[in-house]
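Structure at a glance
The residues making up each chain are set out below.
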Amino acid sequence: MTKKWNAERKHEHYYKMAKKNDYRSRASYKLKQLNNKFKIIRKGSYVLDLGAAPGGWSQVALEIIGEDGLVVGVDLQRIRPFENENFIGIKGDFTSEDTITKIRKAMEGTAEVVLSDASPKLSGIKDIDNLRSADLAETVLKICDLTLERNGCLIMKVFQGEEFERILKEIKQKFKIVKTTKPASSRKASTEMYVVAKGFKKDLS
Ligand SMILES: C[S@@+](CC[C@H](N)C(=O)[O-])C[C@H]1O[C@@H](n2cnc3c(N)ncnc32)[C@H](O)[C@@H]1O
């Protein structure tokens, strides 16, 4: 059996599981696996989910936080609303000042957790896509400076390109503990990597 065949089978497996369990995307399993391992989101957490559509990560975050806490989901695409009262969806580009203002208003103060599974629109040219992913990561870090509370946590996807080590260095300056990981449900062939960071040093921002 070829590697490609195995990867496709795994892809199909998470797709079927998501459908069966009523998750909005296969990506839900990535956050579930990351959170089981690193215990980032807890009951009652205040969570900002950047690049949230169709809402798979927000859905998992809502399950974990329960009735207290808040999830604010932001995406260029409309996020179909949830029944939960503690979800706020924002349609907008999180690299724009206007959207950042809306995020800060919706968070009513600071976030305890920032999530970003944001991906640029893929051009198919690896170097360009990696650079765009790095640009998004830079903006996510800027949003952390503005919204994340001291000792808060971040889970962020970054493509492993030329800029990856520089971004990682920047994250290590801002957070006390930083790990890179690829959840089992992430395709091996994809360059995506997840950075999990704990202990935001708010005073350095
Ligand atoms: C892989 S999907 C996220 C999947 C999501 N985590 C889930 O579980 O359903 C990446 C998302 O990032 C969004 N995105 C990319 N750049 C963005 C930006 N500048 N502002 C807002 N959303 C952005 C895309 O629209 C896309 O929906």
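Residues numbered from 1 in each chain as written. Predicted model: local features only at pLDDT ≥ 70, side-chain atom pairs only at ≥ 80, totals over all residues. Heavy atoms only, no water.

The test is simple: UniProt positions are given in the numbering used here, feature names are shortened, and annotations may be inferred rather than shown by experiment.
As annotated in an unreviewed UniProt entry, the chain is Ribosomal RNA large subunit methyltransferase E from Methanobacterium congolense. UniProt, in the comment section headed Sequence similarities (unreviewed entry), describes the chain in these words: "Belongs to the class I-like SAM-binding methyltransferase superfamily. RNA methyltransferase RlmE family." For the chain, the Subcellular location (unreviewed entry) comment in UniProt is given as "Cytoplasm".

**What to know about the overall build of the chain**
Put simply, the rule reads: Each helix corresponds to a stretch of at least 4 residues labelled H or I by DSSP, and each strand to a stretch of at least 2 residues labelled E; elements are numbered beginning at the N terminus. This radius of gyration counts C-alpha atoms alone. The globule rule is 2.2 Å times how many residues there are, raised to the power 0.38. Burial classes follow relative accessibility: with a 1.4 Å probe on protein chains only, a residue under 20% of its type's maximum area counts as buried, one over 50% as exposed, and anything between as partly exposed. Contacts are assigned to residue pairs with any non-hydrogen atoms lying within 4.5 Å of each other. For the area figures, the Shrake-Rupley method with a 1.4 Å probe applies, and any residue is considered shielded solely by the protein chains shown.
Looking only at helices and strands, the chain features 6 helices and 7 strands. Across the chain, helices and strands are ordered from the amino to the carboxyl terminus as α-α-β-α-β-β-α-β-α-β-α-β-β. Here the C-alpha radius of gyration of the chain, 16 Å, is about what a compact globule of 205 residues would show, namely 17 Å. With respect to the principal axes defined by its C-alpha atoms, the chain has extents near 50 × 40 × 30 Å. Scored against the burial criterion, the 205 residues of the chain give a buried share of 48%. The contacts in the chain between residues at least 6 apart in sequence include a share of 65% that link residues at least 24 apart. For the chain, the exposed area adds up to about 11200 Å²; of that, 49% sits on carbon and sulfur atoms.

**Some words on the UniProt feature "domain: Ribosomal RNA methyltransferase FtsJ" (unreviewed entry) in the chain**
UniProt's entry tags residues 23–200 with the feature "domain: Ribosomal RNA methyltransferase FtsJ" (unreviewed entry), counted in the numbering of this structure. This span, residues 23–200, is 37% helix and 28% strand, and a straight line between its end C-alpha atoms measures 30 Å.

**Examining the packing of aromatic side chains**
Put simply, the rule is: Aromatic contacts are taken between Phe, Tyr and Trp rings whose centres are within 6.5 Å, Trp giving its six-membered ring; a plane angle under 30 degrees counts as stacked, one over 60 as edge-to-face, and the others as tilted.
In total, this model carries 4 aromatic pairs according to the counting rule given. With a centroid separation of 5.5 Å and an interplanar angle of 85 degrees, the aromatic rings of Y23 and Y29 are classed as edge-to-face. We note that Y23, like Y29, is buried. Ring plane angle 40 degrees and centroid distance 5.9 Å describe the contact between W57 and Y194, whose orientation is recorded as tilted.

**A look at the site of the ligand**
To keep things clear, this is the line we draw: Nearness is judged by heavy atoms alone; a residue qualifies as near a molecule or strand once a single heavy atom is within 4 Å of it. Polar contacts here mean pairs of N or O atoms no more than 3.5 Å apart (in protein, one a potential hydrogen donor and the other a potential acceptor; neighbouring residues in sequence count only if both atoms are side-chain atoms).
Surrounding the ligand, one finds 21 residues, the nearest of these being G56, W57, D75, D93 and D117. Here an oxygen atom of the ligand and a side-chain polar atom of S25 are 3.0 Å apart. D117 is positioned with one of its side-chain polar atoms (N or O) 2.8 Å from a nitrogen atom of the ligand. In the complex, the protein chains occlude 86% of the 600 Å² of accessible area that the ligand would expose alone.

**Some thoughts on the sheet that holds strand β6 (residues 175–181)**
Here is the rule: We call two strands paired when DSSP finds no fewer than two bridges between them. Each axis is a line fitted through C-alpha atoms, and for a helix only the stretch in contact is used; angles between axes span 0 to 180 degrees, taken between their N-to-C directions.
Here 7 strands make up an open sheet; going across it, the order is β3-β2-β1-β4-β5-β7-β6 and the pairing mixed. Of all strands in the sheet, those bounded by a partner on one side alone are β3 (87–91) and β6. Averaged over neighbouring strand pairs, the angle between their axes works out to 15 degrees when direction is ignored. Relative to β3, strand β2 (residues 70–75) runs parallel, the two sharing 5 bridges. Looking across to β3, one finds that V71 is bridged to F87. Across the face of the sheet, helix α4 (residues 97–107) comes into contact with β1 (46–50), β2, β3 and β4 (111–116) while running at roughly 170 degrees to β2.

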